[in-house]
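Understanding the architecture of this molecule
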Amino acid sequence: MTTQEDEEVKKEYGGGFGVDGSIADGGLRYMIVKGTRLRQAPRKKRLSFGKALLSVVVAIGCLYAANVGLWLYDPTTWLPECDSRNRTIATWGCLVVNNSLGYREREIGPKGHGIRRVMVLGDSLTWGTGMDPCDRWTDRLQKQLGNGYEVLNFAKSGDCTQKEAMRLRYLKANLQPDIVIVGFCCNDPQPQPENWCVEKDAFDRRWNLTLSRWQTRSGQVRLRHLWDGIEKAIRYCSYPDTMTALDRCYDPNSPQWKSFVAALGQIKATEPNAIFVSLISFRYADARVQRWHRQAEQAARGKGFKVVTFDLAGISPRKCMVNRADGHPSILLHHIYAKGIAGAIR
């Protein structure tokens, strides 16, 4: 500020500076004005429209990059088509063809003279997830036993032991089996989906509709994999995981366990020549699985079943899985099953 400008401000506001350096009222106002002129407050920078648009584009790009990353990380991306429900056409690329009764088995005719008919009950491990029919343990068991036996697979993916007991009662009169084999998996005592629990049931009733809407919208904008990851995280934090839910079924006082033991008794009463096969696999990487199988084997022995078990020590888990995304039994494990069961039948 020049000397002339100082004089103009002094005239306008009055006052001035004392000899001792004190500031009169007018001088104070002058100093305030002078300071304001010399040091103005910095102006806030406004975000331009271009920068805002760029930020939005970058954010959207990050979302799609994350979606692509999850798609690449998902092992099922690189594997053949799979849907292991019985109404589908493929399970990990293997064709699924059902007979007129709705089972993944050849058409069944009258029982031949002198033939011992073996009726096999079970879930997806016996149904053959990821397997061609000729590679399943039931078909391999047929080859092991030879022409004097007829092995028929009546397994259904996702079945529980309670449903298997009902199926035996319904079909026994027409099939006239000589031997019944129950293929057991550790989720068989649970008549509901294996991850069912009261907490999940309450969560689904409240949030399923909302989550399904978001799933539809994410698919419309090609962000399905990203949303799947978000939904899994939400569910993981909202209710117990599958193994914890299954562990509750093995409480001796739980309704699921009591129903399972009762179903074993019904199968044994319907067909006295019954074999319980403990099909342990690497589908569930949890130390509790061994305990569950031992508990189920003990219950089967208590009902009078002949029990067949397998020792998989020393076998690499990778060799026992149908593929890296699915822990259902591989061809190697189906071969081990067939060999062990054939030895128990002969």
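Everything here concerns the structure above.
So, here is what we can say about the structure in this document. (Residues numbered from 1 in each chain as written. Predicted model: local features only at pLDDT ≥ 70, side-chain atom pairs only at ≥ 80, totals over all residues. Heavy atoms only, no water.)

Before going further, it helps to examine a nonpolar patch on the surface. On the surface, a nonpolar cluster with roughly 410 Å² of combined accessible area is contributed by Val56, Ile60, Leu63, Tyr64 and Val221. As for its position among the elements, Tyr64 is in helix 3 (residues 49–73). Owing to a relative accessible area of 33%, Tyr64 belongs among the partly exposed residues under this scheme. (Patch = residues over 30% accessible without salt bridge, like charges linked within 9 Å, V, L, I, M, F, W, Y side chains within 5 Å. Areas by Shrake-Rupley, 256 points an atom, 1.4 Å probe, with all protein chains shown as cover. Salt bridge = Lys/Arg side-chain N within 4 Å of Asp/Glu carboxyl O. Helix = DSSP H or I, 4+ residues; strand = E, 2+ residues; numbered from the N terminus. Buried < 20%, exposed > 50% of the residue type's maximum accessible area, 1.4 Å probe, protein only.)

Here we come to unusual backbone geometry. One non-glycine residue, Gln176, adopts positive backbone phi at about 50°. By the element assignment, Gln176 lies in the loop between helix 6 (161–175) and strand 5 (179–184). Look at Gln176 and you get partly exposed, because its relative accessible area is 47%. Located in the positive-phi region is Arg222, a residue other than glycine, with phi close to 60°. Here Arg222 shows up in the loop between helix 7 (198–220) and helix 8 (224–236).

A separate point is the environment of Pro240. By the element assignment, Pro240 lies in the loop between helix 8 and helix 9 (242–249). Along the primary structure Pro240 and Val198 are separated by 42 residues, whereas in three dimensions their C-alpha atoms are 9.5 Å apart. Those residues in contact with Pro240 that sit more than four places away from it in its chain are Cys197, Glu199 and Arg248. (Contact = heavy atoms within 4.5 Å.)

Under the defined criterion, the tally for this structure stands at eleven aromatic pairs. Judged by centre distance (5.2 Å) and plane angle (35°), the rings of Phe184 and Phe276 are tilted. With Phe184 in strand 5 and Phe276 in strand 6 (residues 274–278), this pair connects stretches of sequence that are 92 residues apart. Taken as a pair, Phe184 and Phe276 share a single burial class, namely buried. Summarising the aromatic geometry, the rings of Tyr250 and Trp257 are spaced 5.5 Å apart at their centres and angled 40° between planes, so their arrangement reads as tilted. Here the aromatic cluster, defined as three or more aromatic residues joined through ring pairs, consists of Phe184, Tyr250, Trp257, Phe260, Phe276, Trp292 and Phe305. Sitting above the plane of the Tyr103 ring, Lys156 keeps its charged end 4.9 Å from the centroid. Over the ring of Trp214 we find Arg217; its NZ or CZ atom is 5.6 Å from the centre of that ring. (Phe/Tyr/Trp six-rings, centres within 6.5 Å; stacked < 30°, edge-to-face > 60°. Lys NZ or Arg CZ within 6 Å of the ring centre and 35° of its normal.)

The strand order across the open sheet formed by five strands is 4-3-5-6-7, and the pairing between neighbours is parallel. Edge strands, defined here as strands with exactly one partner in the open sheet, are strand 4 (149–153) and strand 7 (306–308). Each neighbouring strand pair of the sheet contributes to a mean axis angle of 20°, computed without reference to strand direction. Both strand 5 and strand 6 contribute to a ladder of five bridges, which runs parallel. Paired with Gly183 across the strands is Val277, a residue of strand 6. The strands touched by helix 5 (residues 137–145) are strand 3 (116–121), strand 4 and strand 5; relative to strand 4, the strand with the most contacts, the crossing angle is about 180°. Along the sheet, helix 12 (residues 331–345) contacts strand 4, strand 5, strand 6 and strand 7; its crossing angle with strand 7, the most-contacted strand, is approximately 155°. (Pairing = 2+ DSSP bridges. Axes fitted to C-alpha atoms, helices over the stretch in contact; angles between N-to-C directions.)

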